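# Commentary on secondary and tertiary structure
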Amino acid sequence: DTAVSQTPKYLVTQMGNDKSIKCEQNLGHDTMYWYKQDSKKFLKIMFSYNNKELIINETVPNRFSPKSPDKAHLNLHINSLELGDSAVYFCASSIRAGQETQYFGPGTRLLVL
Amino acid sequence: GIQVEQSPPDLILQEGANSTLRCNFSDSVNNLQWFHQNPWGQLINLFYIPSGTKQNGRLSATTVATERYSLLYISSSQTTDSGVYFCAVEGFGNEKLTFGTGTRLTIIP
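Presented here is an overview of the structure given in this document. (Residues numbered from 1 in each chain as written. Chains lettered and ligands numbered in written order. Predicted model: local features only at pLDDT ≥ 70, side-chain atom pairs only at ≥ 80, totals over all residues. Heavy atoms only, no water.)

The number of helices and strands found in chain B is zero helices and 11 strands. Relative to the 2.2 N^0.38 estimate, which gives 13 Å for 109 residues, the radius of gyration of chain B is 13 Å and therefore close to what a compact globule would have. Counting only C-alpha atoms, chain B reaches 45 × 25 × 20 Å along its principal axes. Looking at chain B alone, contacts between residues at least 24 apart form 56% of all its contacts between residues at least 6 apart. Accessible surface for chain B amounts to roughly 5,000 Å². Of this, 49% is attributable to carbon and sulfur atoms. (Helix = DSSP H or I, 4+ residues; strand = E, 2+ residues; numbered from the N terminus. Rg over C-alpha atoms; globule rule 2.2 N^0.38 Å. Contact = heavy atoms within 4.5 Å. Areas by Shrake-Rupley, 256 points an atom, 1.4 Å probe, with all protein chains shown as cover.)

Quick look at the structure:
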């Protein structure tokens, strides 16, 4: 009965590859997010979707493309992976956008070699 | 954008001690949350507290919105309290959370 789940938990890949991370929430929330946590533990929002519509798109390279097939799922596809993409990627959800508690998934640890 | 500062950056305490973590922010907010990131990396929401005071067991939090700060109190610390504590805020008209740099808490048995 995990609230926000992500797959895979670990991802080790070579530079230049393309990879996807999947996120699912069973909380019935309308809004989902992707965050990146770097090696210094700094957390920064990347994208936010509300009812399958993109509402936040921070200055992220266009190699990163989110996709929300329905409001319970938010996937992140990364093209042409670079060393600097190594980080922990967290998915989160909230009832609606703004002024709401956010619930985080367990994170996906991406290592680009 | 809104700036969030947390202090202290690191805190090492003996089991049973009390602690106060501080979060200062640079503008008015309509959302403030405290999170605990445990040693396994999981982010747990502790409080949603844009203003006022809340308590949950040994933890409590107070946000003084007019003075732009929030405090997280941990009483009778346990080793399981170790980890990084993050404060995150959302400014008015800006539907995204900005995280502080965190306070790393280490509780020694």
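What follows is about the sheet that holds strand 1 (residues 4–7) of chain B. All names here are of chain B. If you trace the five strands from one edge of the open sheet to the other, you get 1-3-8-7-6, paired in antiparallel fashion. At either end of the open sheet lies a strand with only one pairing partner, and these are strand 1 and strand 6 (52–56). Taking the axes of each pair of neighbouring strands and ignoring which way they run, one obtains an average angle of 15° across the sheet. Bridge analysis of strand 1 against strand 3 (residues 19–25) gives four bridges, and the strand direction is antiparallel. When the sheet's bridge partners are listed, Ser 7 is paired in strand 3 with Arg 22. (Pairing = 2+ DSSP bridges. Axes fitted to C-alpha atoms, helices over the stretch in contact; angles between N-to-C directions.)

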